[in-house]
Amino acid sequence: MVRLLRQIWLNFKEYIVLALLLILSLLIVSLNENKQVKSFRTFVFSTFAAPTAFFSDALSVSDLKSENLKLRLENAELMLQVNKLREYGIQNEELRFLLRFRDTSGYTLIPAGVIAKTPESFQSIININVGSSEGVVMGMPVITDLGLVGFTSNVTDNFSTVKTLKNSSVRIIVKNQRSRVEGILKWDGKNLLFTNIPKTADVKPGDRIISSELSSLLPTQLPIGIVTKLENPDSGILNEYSIKPFAEITKTDYIFILKQISGKKSNGLELNYFNLRQQ
Amino acid sequence: MKRDFIIPAVLLIPAIFIQILLIPSISLEGIFPDLVLILVVYFTLRTGQLFGTIYGFAAGFALDLLSGGLLGSSMFSKTLCGFVSGYFYNENKVLINLKTYKLPLIILMAGVINSLSIYFISGFDVKMNMVDVLISRGLLPAIYSAFIGFFAMFFHTGRVLE
């Protein structure tokens, strides 16, 4: 028996090792959401994120000058816009006071730099140089000055990973700003898609897509992108539109984290409701 | 003998750092070369199929951990690439495989397998045209990797005797 096993091993060891390693890989894929696996990944990530950040900073020095010039120009343009908006804000305050509306603005933004990017088309992830020490937790929206980029996932003391919109596991409820049609935003490996849209819905190329109030992941209406074209005009009962995102998701080097998780706010409201009912 | 194990291990971590730090800046329309794949193929052709399979597994594991991607996806694909590349291993033809046009061709083949297996593992619920997947997600990254792998031919010392 031992001789037979030894013979099998000598003749087929490569295949046996291959089968074992592939099964192990698939097992690990299925355990990605396991708590111990997540803790281990967080530990390894936090250990290697510091040298990664160091090299990333060293490499980005040459881009700083052109980035600086571009930002100064943007600053000047924004200053003009801000002045105009300040006027509108004053009028808005007066009208809100008259109508007794609650102020829902005032979000804190945490600036961060991108230190590494995962070069995979379906699981786009970026690593950033802020973590729980700055108040970052899992599930916070990540934005640029142009729009939504993604959400924080793994968070360590000083670093975090961000699942971008170009990640097949990220799905959010969004809406057409013009016609208020709502749908699901998802990434199919090639295009960002605005899906589950009835064929009779009013959606046209050029429409702005923003996050919906129905989304439990986003606290406010954030710009997502522009509708470019209808992907499946002749098939199915629901339409899919491809979206060009405002934010340059895979090319961005600096981002902001919106320091709020929408779920906790609405959870707090529900809890208050149940508490009131019990009184 | 020990050198055959130490050098691949030592080269792996810098290759992963270069892959996640520098490679995104040389991407073309979202198509990236895969340095870790080139390393796996190179050392498989140098050392053998069994070593290549295990090295692919370890390299994929390290890449998944350090890049933050889906743990297990690169493990699966690189293990498969190491195994398939190992079919071209011949202890009498190591130099021929490593210092001629064969190296980029083997990297091209392994690159297609790598891209397609990552697609099936991590892009499982996505809808894409199969031809589109084969070309844009399979062949193009593999061609880019093979182009970079072309330069790896010059790293191996030794002369090919005609």
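Described in the following lines is the structure provided in the data block.

Focus on the overall build of chain B
The helix and strand tally for chain B stands at 7 helices and 0 strands. Walking chain B from its N terminus toward its C terminus, one meets helices and strands in the order α-α-α-α-α-α-α. Relative to its 162 residues, chain B shows a buried fraction of 58%. For chain B, the exposed surface amounts to about 7400 Å²; the carbon and sulfur share of it is 71%.

Details of helix α2 (residues 35–47) of chain B
All names here are of chain B. Counted at 1.5 Å a residue, the expected span for α2 with its 13 residues is 18 Å, and the 18 Å between its end C-alpha atoms agrees. The buried fraction of α2 amounts to 11 of the 13 residues, a majority that puts the element mostly inside the structure. Residues L35, V36, L37, I38, L39, V40, V41, Y42, F43, T44 and L45 constitute the buried set of α2. Sitting at the head of α2, D34 places a side-chain oxygen 3.2 Å from the backbone nitrogen of V36. Phi turns positive, to about 135°, at G48, one or two residues after α2.

Examining the sheet that holds strand β5 (residues 160–167) of chain A
Adjacent strands of a sheet pair through backbone hydrogen bonds, lying either parallel or antiparallel. Residue and element names in this part refer to chain A. The sheet built from 6 strands closes into a barrel, its strands ordered β1-β2-β5-β4-β3-β12 with antiparallel pairing. The average undirected angle you get between the axes of adjacent strands in this sheet is 45°. Pairing of strand β1 (residues 109–117) with strand β2 (residues 123–128) involves 3 bridges; the strand directions are antiparallel. Bridge pairing links V114 to I128 in β2.

Digging into the pairing of strand β7 (residues 182–187) of chain A
Residues and elements named next belong to chain A. Bridge count between strand β6 (residues 172–176) and β7: 4 bridges; the pairing is antiparallel. Looking across to β7, one finds that I173 is bridged to I184. Taken together, β6 and the strand that follows it, β7, pair antiparallel across an intervening segment of 5 residues, in which R180 is found at a positive phi of about 65°. Of the strand pairs in this sheet, β7 and strand β8 (residues 192–198) are connected by 4 bridges, and their pairing is antiparallel. Its bridge partner lying in β8, I184 is registered against T195.

Considering the sheet that holds strand β10 (residues 223–230) of chain A
Residue and element names in this part refer to chain A. Strand order in the closed barrel formed by 6 strands is β6-β7-β8-β11-β10-β9, with antiparallel pairing between adjacent strands. Across this sheet, the average inter-strand angle for adjacent strands is 40°, counted without regard to direction. In this structure, β8 lies alongside strand β11 (residues 238–245), joined through 5 bridges in antiparallel fashion. Residue pairing in the sheet places I197 in a bridge with N239 of β11.

Some thoughts on the environment of A:L109
Residue and element names in this part refer to chain A. Residue placement: L109 occurs in strand β1. L109 gets classed as partly exposed once you look at its relative accessible area, which sits at 42%. Counting along the chain gives 146 residues from L109 to I255, while the straight-line C-alpha distance between them is 9.5 Å. The contacts of L109, once residues within four sequence positions are left out, are I143, F256, I257 and L258.

Here we look at the interface of chain A and chain B
Listed by partner, the interface residues are 42 residues for chain A and 41 residues for chain B. In total, chain A and chain B occlude about 3700 Å² of area from one another, counting both sides; carbon and sulfur atoms represent 71% of this. Inspection of the chain A/chain B interface yields 0 salt bridges. For the pair chain A and chain B, the interface holds 3 residue pairs in polar contact (both at pLDDT 80 or more). For the side of chain A that touches chain B, the secondary structure elements donating two or more residues are α1 (2–30), α2 (35–59), β1, β2 and β7 of chain A. Of all the elements, α1(A) adds the most residues to the side of chain A that touches chain B, at 12 residues. The class makeup of the residues in the side of chain A that touches chain B is 22 nonpolar, 10 polar and 10 charged.

About the cut-offs
Residues numbered from 1 in each chain as written. Chains lettered and ligands numbered in written order. Predicted model: local features only at pLDDT ≥ 70, side-chain atom pairs only at ≥ 80, totals over all residues. Heavy atoms only, no water. Helix = DSSP H or I, 4+ residues; strand = E, 2+ residues; numbered from the N terminus. Buried < 20%, exposed > 50% of the residue type's maximum accessible area, 1.4 Å probe, protein only. Areas by Shrake-Rupley, 256 points an atom, 1.4 Å probe, with all protein chains shown as cover. Expected span 1.5 Å × (residues − 1). Polar contact = N/O pair within 3.5 Å; in protein donor to acceptor, adjacent residues only side chain to side chain. Pairing = 2+ DSSP bridges. Axes fitted to C-alpha atoms, helices over the stretch in contact; angles between N-to-C directions. Contact = heavy atoms within 4.5 Å. Buried area = accessible area lost by both parts, 1.4 Å probe. Salt bridge = Lys/Arg side-chain N within 4 Å of Asp/Glu carboxyl O. Nonpolar A, V, L, I, M, F, W, Y, C, P; charged D, E, K, R; others polar.

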